[in-house]
Amino acid sequence: MERTTEWIFSLEIPSDVTVHAAGVPFSLHKFPLVSKSGYMRHVVLESGEVEKTVIVLPDVPGGSEGFELAAKFCYGIHFDVTPDNAATVRCVAEYLDMTEKYAANNLVQRSETYINEVALKTLPAAIAVLHNCESFLPIAEKVKLVSRCIDAIAFLSCKESRGQVAAATPASMSPLTDHHVVDWWTEDLAALRIDIFQRVLVAMMSRGFKHAALGPILTLYAQKSLCCLDTYGTGARKIEPQLAQEKRVVVETVTGLLPREKNAVSASFISMLLRASILVETTVACRVDLERRMGSQLGRAVLDDVLIPTYDSSSVDTLFDVDTLQRMVSCHLEFELRGSCADREHVGKLLESCIAEISSDPNLSVAKFVTLAEIIPDHYKVTEDGVYRAVDIYLKAHPTLSDLERKKVCGVMNCQRLSKEACAHAAQNDRLPVHTVVQVLFYEQQRLQSVISDNLVLVEAPTGNACSCSIDNLSAALEVASFRRENEALKLENLRLKKRLEDLEKRELVRYSGSGSGSSPVRNSTTQSPDKPGFLQRRSYINSMSKRLRWFYPFAPIGPAPGSASTTIANPKTWNRPRRTRRHSLS
């Protein structure tokens, strides 16, 4: 108003019309306005010969600033037209009917010339004009400014994309990414309204823009539009109905524009859209489409992508959306049956980690856990360690389960496919039922026997077959066989020592029972004497046997008969050798 007052009162002519543009009063003159604007001429003629005419413009495009630009043009005051105000000037000129009918080179013609020759020739300027048109609907649609901007953006973006592809070298292009990069003008497109944004992308594809290259554009737009939604939290979210409706339209529109090519968008982006779809309650078709897309990209997903929280906390339910996870896995298996290549080992480990994470939920029922654990195909699992970990976590989080429920939970894992470490842990796990522990020990014993038998076969194989074995395998087999022989020898020695111990215990029992009969015990040769050291106080079993066998030795000295009371050992010098009877005749 200060600027307007300065150039109005500089004319030194009293104003005769007051224009209220969007609530802001402008004191102007009738003649400059009616000479350029058909709308003003019509209003002034209808008001009659009144000294002070009041004109109210509540819905003028651009508000007070837009009308000020038109008033300056009527008074012949210079101002610059830029991409930021070109849409405002064109729409306010159309609103005030400032055409060539009332003046030559009027504001409509001047703004059209700038838009066609300047604004629509560059991609940033065209996007800026289109962005400003969102505030001037439906007038911008009436003058076809929106459609012209969309066509210009589609043409220029395709030209820009072809130039990037031509400039890229084969070494810098990968088969997955190609030229799917975020272009410098994508940030400007992300500021458009969702319906205008959709029209731009449709026009780009009609101009030849590759559908697969829309992935980065859609990702950036969705991330900016849905940043206010807390899709990674749990529990109910209070969202205003109007905001929920706006975000619902964004999710459904972006989902409909997603390219069908594989790996065009990341799995984390699809997971974010799926979370937002559940949170704002989109249509069932939108959710099913996102679940199928997520199922097709499980090979590139991480744990946070497949753990979808439960947003509805009104009812007692699990912390994570188990049903959505099951549908995603079902879609993945369906794609696999159609021949889609997938990293089975990665998907198997991902699902095992996911189930282990969900197992700690105290609200997860036994039936849901069993159903969730059984969705992993056997050919996706190298071992059963992941399922055992989930079972152990579930049993720990649910200590009040009955024996039948614990047995049902443990029935989801195959004990034959547990690793050595898992078997060692399971054998000492008190949370597992006895039946499961027995199975683990039985299968582990069978596996050890199988390994030993296979190694023995390698050792005992013929020479021709043994030559085909590597030196490392042969040495390992020999070592195992050696250990087995040593083990058998130790077992036999252990049995012999046990037998000897039993005999000694029996003798001691007989001896002590005889000494307690009331008669004076006879001093045995094995009775200990306090005057002799410990190793001489008791004869060992070997010494006693050597004493007895000495009499059968042909060179032994002549002494007391076996079993006599005398235990004196004869002097070797006094031994008498028996005479040898010689026969000199042949008969």
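Residues numbered from 1 in each chain as written. Predicted model: local features only at pLDDT ≥ 70, side-chain atom pairs only at ≥ 80, totals over all residues. Heavy atoms only, no water.

(A) Up close: the overall build of the protein. A tally of helices and strands in the protein yields 27 helices and three strands. Burial statistics for the protein: of 587 residues in total, 40% are counted as buried. Within the protein, counting contacts between residues at least 6 apart in sequence, those at least 24 apart form 69% of the total. Taken as a whole, the protein presents about 34700 Å² of accessible surface, with 56% of it coming from carbon and sulfur. (Helix = DSSP H or I, 4+ residues; strand = E, 2+ residues; numbered from the N terminus. Buried < 20%, exposed > 50% of the residue type's maximum accessible area, 1.4 Å probe, protein only. Contact = heavy atoms within 4.5 Å. Areas by Shrake-Rupley, 256 points an atom, 1.4 Å probe, with all protein chains shown as cover.)

(B) Quick peek at the packing of helix 19 (residues 366-373) against helix 21 (residues 403-410). One can describe the packing of helix 19 onto helix 21 by two numbers: an axis separation of 9 Å at closest approach and a directional angle of 15°. On the basis of their axis angle, the class for helix 19 and helix 21 is roughly parallel. Every pair of crossing elements has a handedness; the one defined by helix 19 and helix 21 is left-handed. Judged by residue contacts, Val366, Phe369 and Val370 of helix 19 engage Glu405, Lys408 and Val409 from helix 21. Residue composition of the contact of helix 19 with helix 21, by class: four nonpolar, no polar and two charged. (Axes fitted to C-alpha atoms, helices over the stretch in contact; angles between N-to-C directions. Parallel < 35°, antiparallel > 145°, perpendicular 65-115°, else oblique. Left-handed = near helix turned anticlockwise from the far one by under 90°. Nonpolar A, V, L, I, M, F, W, Y, C, P; charged D, E, K, R; others polar.)

(C) Highlighting the nonpolar core. In this structure, Val19, Phe67, Leu189 and Met204 are the most contacted members of the largest nonpolar core, which totals 141 residues. Broken down by element, this core gets its largest block of residues, ten residues, from helix 14 (residues 267-280). When residues of this core are assigned to domains, at least three fall in each of domain 1 (17-118) and domain 2 (210-307). If near-sequence neighbours (up to four positions away) are discounted, Val19 is found in contact with Val24, Pro25, Phe26, Leu28, Leu33, Met40, Ile55, Leu57 and Phe67. (Core = buried A, V, L, I, M, F, W, Y, C linked by side-chain atoms within 4.5 Å. Domains from an automatic or database assignment.)

(D) Spatial organisation of the side chain of Glu134. Looking at the secondary structure, you find Glu134 in the loop between helix 7 (123-133) and helix 8 (139-142). Separated by 2.6 Å, the side chain of Glu134 and the backbone nitrogen of Arg193 make a polar contact. For Glu134, the contacting residues outside a window of four places in its chain are Ala191, Leu192, Arg193 and Ile196. (Polar contact = N/O pair within 3.5 Å; in protein donor to acceptor, adjacent residues only side chain to side chain.)

(E) Here's a closer look at the pairing of strand 2 (residues 24-28). Bridge count between strand 1 (residues 17-21) and strand 2: five bridges; the pairing is antiparallel. Each residue of the ladder has a partner; that of Val17, found in strand 2, is Leu28. Hairpin connection, strand 1 to strand 2: the antiparallel pair is bridged by two residues, and Ala22 has positive phi, about 55°. (Pairing = 2+ DSSP bridges.)

(F) Molecular detail of the packing of helix 11 (residues 194-206) against helix 12 (residues 215-225). At a minimum axis separation of 12 Å, helix 11 and helix 12 run at an interaxial angle of 175°. As the angle between them shows, helix 11 and helix 12 are arranged roughly antiparallel. Contacts between helix 11 and helix 12 involve Ile194, Phe197, Leu201 and Met204 on the former and, on the latter, Ile217, Leu218 and Tyr221. Counted by class, the contact of helix 11 with helix 12 contains seven nonpolar, no polar and no charged residues.

(G) Representation of the sheet that holds strand 2. Strand order in the open sheet formed by three strands is 2-1-3, with mixed pairing between adjacent strands. At either margin of the open sheet sits one strand with a lone partner, and together these are strand 2 and strand 3 (53-57). Within the sheet, the average angular offset between the axes of one strand and its neighbour, ignoring direction, is 20°. Inspection of the sheet shows strand 1 paired to strand 3 by five bridges, in the parallel sense. For Val19, the partnering residue across the bridge sits in strand 3 and is Ile55. Packed onto the sheet, helix 3 (residues 38-47) meets strand 1 and strand 3 and runs at close to 135° relative to strand 3.

(H) Structural context of helix 12. Of all the eleven residues making up helix 12, nine are buried; the element is thus mostly covered by neighbouring parts of the structure. The complete set of buried residues in helix 12 reads Gly215, Pro216, Ile217, Leu218, Thr219, Leu220, Tyr221, Ala222 and Ser225. Looking at the buried side of helix 12, the elements it contacts are helix 10 (186-189), helix 11, helix 13 (241-257) and helix 14.

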